[in-house]
Amino acid sequence: MATMALILGKDLCHTGIYEFYNMLAKLSGVEITDSTRFDCRKVCVTPAVQDEIFSYYRDKGSNDAEIGALWLQLGPKANVTALNPNGLTFNYIAIAEDGFITDKDDGEEEELSYRRASRSYGYR
């Protein structure tokens, strides 16, 4: 998958991190399988996307410490600036870089699989 910028709606961003990554993959045209892995280092979002994901977890009863720990381990970088071309504002943007989605089996030396980490923290 080549690097792709996606302009999203607020409602698409009000979700858990696992669902967010799945949604990015589907919008990128990638089929998700049991061996699909996401590399959070290869995703950047606007602060508005981060705020919506945080809001989702707060709505589910998570506190700021839990959300912060989840974001540090699995969250994308919130370093994208909102676009404002011709007076239109696009606040919800995600950039998925090449390598964000892989299809790896056991034996991968550097495993950054959200699926495995999320199971250990109970986030699904």
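See above for the structure.
A quick note: this is a predicted structure, and the numbers were derived from the prediction, not measured. (Residues numbered from 1 in each chain as written. Predicted model: local features only at pLDDT ≥ 70, side-chain atom pairs only at ≥ 80, totals over all residues. Heavy atoms only, no water.)

Asks: Honestly, the overall build of the protein chain in this entry has me stumped. Any pointers?
Replies: Scanning the protein chain from terminus to terminus reveals five helices and five strands. Put simply, the protein chain runs from its N terminus to its C terminus through helices and strands in the order β-α-α-β-β-α-α-β-β-α. Expressed as a percentage of its 124 residues, the buried residues of the protein chain come to 42%. Across the protein chain, the fraction of contacts at a sequence separation of at least 24, relative to all contacts at a separation of at least 6, is 79%. (Helix = DSSP H or I, 4+ residues; strand = E, 2+ residues; numbered from the N terminus. Buried < 20%, exposed > 50% of the residue type's maximum accessible area, 1.4 Å probe, protein only. Contact = heavy atoms within 4.5 Å.)

Asks: What's the story with the nonpolar core in this structure? I'm lost.
Replies: Most often, soluble globular proteins keep nonpolar side chains buried together rather than apart. Within the largest apolar cluster, 28 residues are counted, with the highest numbers of intra-cluster contacts made by L8, F20, Y21, L24 and F100. Breaking this core down by element, the ones donating at least two residues are α2 (17-27), β3 (43-45), α3 (47-59), α4 (64-74) and β4 (93-96). (Core = buried A, V, L, I, M, F, W, Y, C linked by side-chain atoms within 4.5 Å.)

Asks: When you look at the pattern of salt bridges in this model, what are you seeing that I'm missing?
Replies: Note that side chains of opposite charge can pair when their charged atoms are close. In total, this model carries three salt bridges according to the counting rule given. The residue K10 makes a salt bridge to E52 at a minimum N-O spacing of 3.9 Å. One end of the pair, K10, is in helix α1 (residues 10-13); the other, E52, is in helix α3, and 42 residues separate them in sequence. Residue classification places K10 among the partly exposed positions, given a relative accessible area of 47%. The class for E52 is buried, based on a relative accessible area of 11%. D64 is the salt-bridge partner of R58, the closest N and O atoms lying 3.0 Å from each other. Here R58 falls in the partly exposed class, since its relative accessible area comes to 41%. Owing to a relative accessible area of 52%, D64 belongs among the exposed residues under this scheme. (Salt bridge = Lys/Arg side-chain N within 4 Å of Asp/Glu carboxyl O.)

Asks: Would you mind showing me how to read the packing of aromatic side chains here?
Replies: To describe a pair of aromatic rings, one takes the distance between the centres and the angle between the planes. With the rule as written, the count across this model stands at six aromatic pairs. Taking the centre distance of 5.8 Å and the plane angle of 45° together, the rings of Y21 and F38 count as tilted. Residue Y21 is found in helix α2, and its partner F38 is found in strand β2 (residues 36-38); the two are separated by 17 residues along the sequence. F38 shares its class with Y21; the two are buried. When the ring of F38 is compared with that of F100, the centres are 5.3 Å apart and the planes differ by 25°; the resulting orientation is stacked. Of this pair, F38 sits in strand β2 while F100 sits in the loop between β4 and β5 (101-103), and the two are 62 residues apart along the sequence. Considered together, F38 and F100 belong to a single accessibility category, that of buried residues. A connected cluster of aromatic rings, assembled from ring pairs, spans F20, Y21, F38 and F100. (Phe/Tyr/Trp six-rings, centres within 6.5 Å; stacked < 30°, edge-to-face > 60°.)

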